[in-house]
Amino acid sequence: MVRFILSFFGAIFSALTIGAVAAALVVGAIFWMYGRDLPNHEQLAQYAPPTISRIYNTDGRMIDEFAQERRLFSPADEIPDLVKHAFISAEDKNFYVHQGYDPRGMLAAAVDALRGGRLRGASTITQQVMKNFLLSSDRSAERKIKELILASRIEETLSKDRILELYLNEIFLGQNSFGVTAAAQTYFNKTLGELTPEEAAFLAALPQAPSTYHPVRAKERVTDRRNFVLKEMHENGYITEEEMQTAQAKPLMTVQNGDYEPFRAALPPRDYFTDEIRRQLSADFGEEEFFGGGLTIRATVDPELQAKAAEALRRGLESYDRGRAEWRGTGQTLPPEALTSEEAWRAALAELDIARDIFLEHQWYPAVVLQVGDTHARIGIEGIEDDADGHWIPPDDLRWIRGVNRPGQILTEGDVVFVRQMTSDSDGSFIRWSLRQIPEVQGAFAAMDVNNGRVLAMQGGFSYQHSVFNRATQATRQPGSSFKPFVYAAALDSGYSPATIVIDAPIEVDTGEGVWRPTNASNEFYGPSPLRTGIEQSRNLMTVRLAQEIGMWTVADYAERFGVYDELQPFLANSLGAQETTLYKIVAAYAMFANGGERVEPTLVDRVQDRWGRTIYRHDQRECVDCQLASLDAGVAPRIVSNRERVMNAITAYQLTSMMQGVVQRGTAAGRINLGVPVAGKTGTTNDAKDVWFVGFTSNIVAGCYIGYDRPERMPGASGGAMCAPVFNEFMKLATEKYGGGPFDVPPGGHFIKIDRYSGGRLPNDASGPGVVAEYFRDGEEPMFGMGYIDGGWAMGANLPLFAPDETVQINPDGTLVGNESVLPEKADFGTLSSGGLY
């Protein structure tokens, strides 16, 4: 009997042994089969997750951020233990003791499920890392086996802290927040180190259902889950019972519930400047790197000047729009049911997609018309509390609208409008609420440092939130007469001087498709005139004749060299700015006039650093000589060595600048600009005034303005001098107050000669008066003509005598000689003179 029993149990043992061996072989075969072609887990050691790229202004203040996945990377040693313990308690309390998978946890989960308890996953944090990084999210036995294999392998490759670092930076926590650092900012506007136990537990509660655990819509559910995590933290010894009870008793407080100010509220509204940085850097580095590379971008923008650029341009656009005396409104209305209560209309107004970034003297607010009376209209204003009397639009505010004297003529209940406060100029006291509208006419403004191309301000339209199209960089428009300086630059480099005479007379050009007969804006002809007059008075006929003489291929070469065009078609009409370009390119080209003819590349960015702090782009490539020595020895200053290419002769640049100063002093921009420092510039007005321009510069800052409709149409009464020059002047007042300005540098290799600006004739060195200008000539170069007063009229010619050297000569503002005011030089009879030397 004993032998039988022993034999029976021996057989059972043998069978069990064989079964165990067989089972082990089967399990081993399964793991071998699924483990052959798994992803390389070692790549996780070099993994750099997509993180937010951030833009900072010159003050070091963050002004914008861009990301497809909103993530801020935090190394393990910068993540507080409180946060680590919360997630370990919620997701994997045996994290520090298992080898990648947790048999005890798997068994406990199975037992709980069999007992009818809550069905919970048994994946460890390590397994979740494998799933998130290397595997798909499908629910299958195959994926689970692969997950276990990879988890065990990664535990042999990476430390526990590194695995936890990957997990806490990669995990999705709702609200487009990836990783704990971004989530802490999204939900609490706090850093990780500022989180309380209940806040850390809230974040740890989210991985279970990040898309549904919303702090407002699922407040009760997420609060229960938060309190469960706090209980686990206590049971695992991470917090005391008192800390647990205190934290569990606290209400759920988040940004979404209105308890904290959102992080984005601390940033200025996105504008044309930062959006253009996005556009340019996405092209340079690729969208994936820009949106996920964790770049630190130092922008060139000056916050004060950017605000002033927006305000000045808006003022110019609104002034023209209100001058047309037409009311259009916003075109948006609220339904009648939204007007039943203050709560209803405020909620409806908040949901509207409407610009909220407009500031012009005062903030513009969206508002809704609540009641229209015979004389007044009552409005409800977003962000402004209603008082007992309500807010009203009085009839006085409607006087600018043609044919309107009652609000009922233009407003109905439910209309959405813009309003702003009108205040007293003397003491700032409130006067009334005033209706406003976004102009149909649009425009752009840009300003940059002439020495390095750093863009200090750029406004691409009236309101970025109304229209993101950047008219400074994306709108191609005819520059009109603002292109003429490039024609004159080519002429000055081709042997002309500012006193060279060019005939202002009719000209006919055979275009191959017909005869083109250009005219001056005044439809008059002025006869032989100095080059200076051609640019000061923006003479079209002189410019066309000049371009014809030096050749449009030469003009095209200059325009392309300055970056105004990639390729300028060599048609004479293009000498008058007929080919389209952008304001950004024109302003950058004018910077080279201002700095003496050296190339500058415009930039919105000083420097870009990658996520590890390495500089991967720096705009300023100049070398600092003796910088280390200068930092050590008193009295030794560093020397900045420029390696910039010269694009035009320095004397040519100065001559052109001097001529463009005349545009501001007595030409097409006369009386529009008053800065207290030397200013040069050029107006531009295209056919039918469809586009108007002014671009100008001081010794250190260049700025330009463009105004026109997005779909070009005639602007009656508009001109570059009347519309854009005042915008430039308003902006540059602040710019010169902040950055100064001085005389334009006079390059060596030339000398000054007094010239009559009407005729180009040479005057004695002591000549004075409004008609006298000191022109800068190259050494060895002289004016072609002297001046004389012969037979009762002015005349000039190569053989006419100059005034006696010791004779004091004064020229009147109209160009006549003091004491002999009978004939203007430009109206003299030149036909009696030899034509030799005349142009």
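Throughout this description, residue numbers start from 1 for each chain and increase along the sequence as written. Where local features are concerned, this predicted model is filtered to residues with pLDDT of at least 70; where side-chain atom pairs are given and counted, the filter is 80 or more; whole-chain, interface and lining totals use all residues. Just so you know, side-chain values use all the structure's heavy atoms and leave hydrogens and water out.

**With respect to helix α7 (residues 180-188)**
And step 1. Where burial is concerned, most of α7 is hidden: nine out of the nine residues are buried.
And step 2. If you follow the buried residues of α7, they end up packed against β1 (53-56), β3 (70-71), α2 (81-91), α6 (160-170), β4 (177-178) and α8 (197-205).
And step 3. At the exit of α7 stands Asn-189, carrying a positive phi of roughly 50°. Categorising residues by exposure relies on relative accessible area from a 1.4 Å probe, with only protein chains included: less than 20% of the type maximum marks a residue as buried, more than 50% marks it as exposed, and the intermediate range marks it as partly exposed. A run of H or I in DSSP counts as a helix once it spans at least four residues, and a run of E counts as a strand once it spans at least two, with each numbered from the N terminus. Here a residue-residue contact requires only that any non-hydrogen atoms of the pair lie within 4.5 Å.

**What about the pattern of salt bridges?**
And step 1. Salt bridge, as used here: a side-chain nitrogen of Lys or Arg that lies within 4 Å of a carboxyl oxygen of Asp or Glu. In total, this model carries 46 salt bridges according to the counting rule given.
And step 2. For the salt bridge of Arg-279 with Glu-276, the shortest nitrogen-to-oxygen distance reads 2.9 Å. Taken together, the residues span about one helical turn, with Arg-279 and Glu-276 both in helix α11 (residues 272-285) at a distance of three residues.
And step 3. For Arg-279, a relative accessible area of 32% gives the class partly exposed.
And step 4. One salt-bridge network, in which partners are shared between bridges, spans Lys-308, Glu-311, Arg-315, Glu-361, Arg-420 and Glu-730.

**Focus: the sheet that holds strand β5 (residues 296-299)**
And step 1. In this scheme, strands are said to pair when DSSP sees at least two bridges between them. Strand order in the open sheet formed by five strands is β2-β1-β5-β19-β20, with mixed pairing between adjacent strands. Where the open sheet ends on each side, the last strands, each with one partner, are β2 (62-66) and β20 (615-618). Pairwise comparison of adjacent strand axes, ignoring direction, gives a mean angle of 15° for this sheet.
And step 2. Where β5 lies against strand β19 (residues 605-609), four bridges are found, and the strand directions are antiparallel. Convention adopted: a line fitted to C-alpha atoms gives each axis, helices being fitted over their contacting stretch, and angles between N-to-C directions are expressed from 0 to 180 degrees.

**Looking at the sheet that holds strand β10 (residues 391-393)**
And step 1. Sheet architecture is open: five strands sit in the order β10-β9-β8-β11-β12, paired in antiparallel fashion. Edge strands, defined here as strands with exactly one partner in the open sheet, are β10 and β12 (430-436). Neighbour to neighbour, the strand axes of the sheet diverge by 50° on average, direction disregarded.
And step 2. Here six bridges tie strand β11 (residues 416-423) to β12, and the two strands are oriented antiparallel to one another.

**Examining the packing of α2 against α6**
And step 1. Interaxial distance between α2 and α6 falls to 12 Å at its minimum, and their mutual angle equals 85°. When the axes of α2 and α6 are compared, the pair comes out roughly perpendicular. On α6, the residues touching Lys-84, Phe-87, Ile-88 and Glu-91 of α2 are Asp-161, Leu-164, Tyr-167 and Leu-168.
And step 2. Tallied by class, residues from the contact of α2 with α6 come to five nonpolar, no polar and three charged. With respect to orientation, any angle under 35 degrees is reported as roughly parallel, any angle over 145 as roughly antiparallel, any angle of 65 to 115 as roughly perpendicular, and every other angle as oblique. Charged means Asp, Glu, Lys or Arg here, nonpolar means Ala, Val, Leu, Ile, Met, Phe, Trp, Tyr, Cys or Pro, and polar covers whatever is left, Gly included.

**A short note on the confidence of the model for the chain**
And step 1. How sure the predictor is of each residue is captured by pLDDT, a score from 0 to 100. Looking at the chain as a whole, the pLDDT averages 85, with 81% of positions reaching at least 70.
And step 2. Low pLDDT, under 50, characterises residues 26-37; the predicted model gives this stretch nine contacts beyond four residues in sequence or across chains.
And step 3. Every residue in residues 788-809 is under pLDDT 50, and counting partners more than four places away or in other chains gives 57 contacts.

**Describing the packing of aromatic side chains**
And step 1. When two rings of Phe, Tyr or Trp (its six-membered ring) have centres within 6.5 Å they constitute a pair, described as stacked for plane angles under 30 degrees, edge-to-face for angles over 60, and tilted for the intermediate range. Under the defined criterion, the tally for this structure stands at 31 aromatic pairs.
And step 2. Between Phe-290 and Phe-291, the aromatic rings sit 5.2 Å apart at their centres with planes inclined by 90°, giving edge-to-face as the arrangement. Accessibility assignment for this pair places Phe-290 and Phe-291 in one class, buried.
And step 3. Between the aromatic rings of Tyr-654 and Phe-752, the centroid separation amounts to 6.2 Å while the plane-to-plane angle is 80°, which identifies the pairing as edge-to-face. Of this pair, Tyr-654 sits in helix α21 (residues 650-666) while Phe-752 is found in strand β26 (residues 750-756), placing the two residues 98 residues apart along the sequence.
And step 4. The buried category is assigned to Tyr-654, whose relative accessible area is 12%.
And step 5. A relative accessible area of 43% means that Phe-752 is categorised as partly exposed.
And step 6. Here the aromatic residues Phe-483, Phe-486, Tyr-558, Phe-562, Tyr-565, Tyr-590, Phe-593, Phe-697 and Phe-744 are joined through ring pairs into a cluster of three or more.
And step 7. Whether a charge lies above a ring is judged from NZ of Lys or CZ of Arg, which has to be within 6 Å of the ring centre and within 35 degrees of the ring normal. Residue placement shows Arg-314 over the ring face of Phe-462; its charged tip is 6.0 Å from the ring centre.
And step 8. Against the face of Tyr-526 rests Arg-539, its NZ or CZ located 3.8 Å from the ring centre.

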